[in-house]
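What follows is the residue order along each chain.
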Amino acid sequence: MEVFSKIEELLAEINSAQPTSKEELETFRIRFLGTKNIIKPLFGEIKSVANERKKEFGQAVNSLKQAAEEKHSQLKEQMEDADASSAKSEMDLSLPAAPMAQGSRHPISIVMNRMIDIFEKIGFIVAEEREIEDDWHNFTAMNTPADHPARDMQDTFYLKNSISDLLRTHTSSVQARVMTTQKPPIRIIAPGRVYRNETISARSHCQFHQIEGLYIDEDVSFADMKQTLLYFAREMYGPETNIRLRPSYFPFTEPSAEMDVWLGTDTTATKKLTKGTGWLEVLGCGMVDPNVLKNCEIDPEKYTGYAFGIGIERTAMQNFNIGDIRLLFENDVRFLRQFSSVI
Ligand code: PHE
């Protein structure tokens, strides 16, 4: 029947409709869904349809109308999506870029990296180790057994529910780690963070940084150590720098010394930092105690060595004229930003 093929025809038209503009979509709407749409008159045609097909015809016209509605809303949606994405791609290339915040190195890292560079130049290799240590590596191996009075020199943070796990009190624990796993010759530096249960003030903190140095070989002498440390001081503080070694005591070195560098008392900053003496204490050092070598199964008859531990914070404070150690750990961006020009 003619009316049925008319429906077929319109359905095919609806299905294949591909409007490319809002205007074309509107034409589609008016044709199929407007007040004088093309489907409406079809409902009147039911009169001319044979009784037994009336029901079928009614359903066909209804689904034609539904198909038109669905197609229209689908096309409308597609067009809106396309609008949205084309709006996005309309980039204004003349707009200034969003500012990118540039980070800066922490003064501790700056100083630490400088020191690492200085020692790497003469063959020291960086060894990094854990901050949570056990009692053996931090103390016992370092010739500081449990009842040793020198344990009082460093107030230790022990881990909860543990009698042996602790936050390392010095990077000397790395000496034990390295000596028990490597064979001489050993020439390492170990930079890192250490912890001591100390009252926090402008001058001291419960966390700070050290660089440990260790050199073990045949015939290593105190003079070798002194020459290496003088080289370090002159690279770090300038070619004219003078040092002095004061006798000292550490359980893991014998003899032991502390090294000061001469900063003078010309400025209020150096006066304050050196407590009026002109000398800044920068490191502890000494010849590795034979007991330490024995503890780590290195033959003290064959090998000797020296070790040193440099404190980073004081040098950083002196370098950048920082008056309060706490500033180094507060992560205040107003403070940190001031080092963005230093590498
Ligand atoms: N571990 C010592 C300290 O923390 C420094 C040191 C290291 C001294 C190596 C001698 C040899 O003070």
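Treat the numbers as computed from the prediction; the structure is a model and nothing was measured.

Caption draft 1: Spotlight on a positive patch on the surface. Taken together, the side chains of Arg203, Lys272, Lys275 and Arg314 present a region of like positive charge at the surface. With respect to the element layout, Lys272 can be found in helix H9 (residues 268–273). With relative accessibility at 59%, the residue Lys272 sits in the exposed group.

Caption draft 2: Geometry of the nonpolar core. Grouped together as the largest cluster of nonpolar side chains are 44 residues, with contacts concentrated most on Phe232, Met259, Val261, Leu283 and Phe308. At the level of elements, helix H5 (107–120), strand E5 (207–217), helix H8 (222–237), strand E7 (253–262), strand E8 (279–288), strand E9 (304–311), helix H11 (313–320) and helix H12 (333–336) are the ones that each hand at least two residues to this core. In terms of residue count, the dominant contributor to this core is H5 (eight residues). Not counting chain neighbours up to four residues away, the residues in contact with Val261 comprise Ala233, Tyr237, Thr241, Asn242, Ile243, Gly278, Trp279, Leu280 and Val282.

Caption draft 3: Seen up close, the pattern of salt bridges. Per the counting criterion, the structure on display carries 13 salt bridges. Among the salt bridges present, the one from Arg246 reaches Glu281, with a minimum N-O distance of 3.8 Å. In this pair, Arg246 is assigned in strand E6 (residues 243–250) and Glu281 in strand E8, connecting sequence segments 35 residues apart. By relative accessible area, Arg246 is classed as partly exposed at 26%. Judged by its relative accessible area of 32%, Glu281 is partly exposed. The network of salt bridges with shared partners includes Arg244, Arg246, Asp260 and Glu281.

Caption draft 4: Examining the layout of surface pockets more closely. Empty space within the largest pocket amounts to approximately 1,100 Å³. Lining the largest pocket are 45 residues, with Arg203, Phe208, Glu281, Gly311 and Arg314 sitting closest to its centre. No other element matches E8, which puts six residues into the lining of the largest pocket. Considering only residue class, the lining of the largest pocket consists of 17 nonpolar, 19 polar and nine charged. Estimated volume of the second largest pocket: approximately 180 Å³. Taken together, Arg203, Arg244, Arg246, Asp260, Leu273, Thr274, Lys275, Thr277, Trp279, Leu280, Glu281 and Arg314 make up the full set of residues lining the second largest pocket.

Caption draft 5: How the structure looks around the site of the ligand. Among the 15 residues in the neighbourhood of the ligand, the closest are listed as His170, Ser172, Arg196, Gln210 and Glu212. One of the side-chain nitrogen or oxygen atoms of Ser172 is found 2.9 Å away from a nitrogen atom of the ligand. Gln210 is positioned with one of its side-chain polar atoms (N or O) 3.0 Å from an oxygen atom of the ligand. In isolation the ligand exposes 330 Å². Once the protein is present, 92% of that is buried.

Caption draft 6: Representation of the packing of helix H1 (residues 2–16) against helix H4 (residues 51–89) within the structure. Where H1 meets H4, the closest approach of the two axes is 10 Å, and the angle between their N-to-C directions is 15°. With respect to H4, the axis of H1 lies roughly parallel. Here H1 runs over H4; the crossing is left-handed. Taken together, the residues of H4 that come into contact with H1 (itself represented by Val3, Phe4, Ile7, Leu10, Leu11, Ile14 and Asn15) are Arg53, Glu56, Phe57, Ala60, Val61, Leu64, Ala67, Ala68 and Lys71. A breakdown of the residues in the contact of H1 with H4 according to their chemical character gives twelve nonpolar, one polar and three charged.

Caption draft 7: Seen up close, unusual backbone geometry. A cis amide bond links Pro184 with the next residue in sequence, Pro185, at an omega value of 0°. Examined against the element boundaries, Pro185 turns out to sit in the loop between helix H7 (172–179) and strand E4 (186–195). With an omega of 0°, the peptide bond between Glu254 and Pro255 qualifies as cis. Here Pro255 shows up in strand E7. With phi around 60°, Asp219 is a residue other than glycine that occupies positive phi space. Considering the arrangement of structural elements, one finds Asp219 in the loop between E5 and H8. Its identity as a non-glycine residue notwithstanding, Glu297 has a phi of 60°, on the positive side. Mapped onto the elements, Glu297 comes out in the loop between helix H10 (290–295) and E9.

The rules behind the values
- Residues numbered from 1 in each chain as written.
- Predicted model: local features only at pLDDT ≥ 70, side-chain atom pairs only at ≥ 80, totals over all residues.
- Heavy atoms only, no water.
- Patch = residues over 30% accessible without salt bridge, like charges linked within 9 Å, V, L, I, M, F, W, Y side chains within 5 Å.
- Areas by Shrake-Rupley, 256 points an atom, 1.4 Å probe, with all protein chains shown as cover.
- Salt bridge = Lys/Arg side-chain N within 4 Å of Asp/Glu carboxyl O.
- Lys, Arg positive; Asp, Glu negative; His and termini not counted.
- Charge placed at Lys NZ, Arg CZ, Asp CG, Glu CD.
- Helix = DSSP H or I, 4+ residues; strand = E, 2+ residues; numbered from the N terminus.
- Buried < 20%, exposed > 50% of the residue type's maximum accessible area, 1.4 Å probe, protein only.
- Core = buried A, V, L, I, M, F, W, Y, C linked by side-chain atoms within 4.5 Å.
- Contact = heavy atoms within 4.5 Å.
- 1 Å grid on protein atoms, 1.4 Å probe; cavity = no way out; pocket = protein on both sides within 12 Å on 5 of 7 lines; lining within 4 Å.
- Points joined across faces, edges and corners; volume = space filled by probe spheres on them.
- Nonpolar A, V, L, I, M, F, W, Y, C, P; charged D, E, K, R; others polar.
- Near = heavy atom within 4 Å.
- Polar contact = N/O pair within 3.5 Å; in protein donor to acceptor, adjacent residues only side chain to side chain.
- Axes fitted to C-alpha atoms, helices over the stretch in contact; angles between N-to-C directions.
- Parallel < 35°, antiparallel > 145°, perpendicular 65-115°, else oblique.
- Left-handed = near helix turned anticlockwise from the far one by under 90°.

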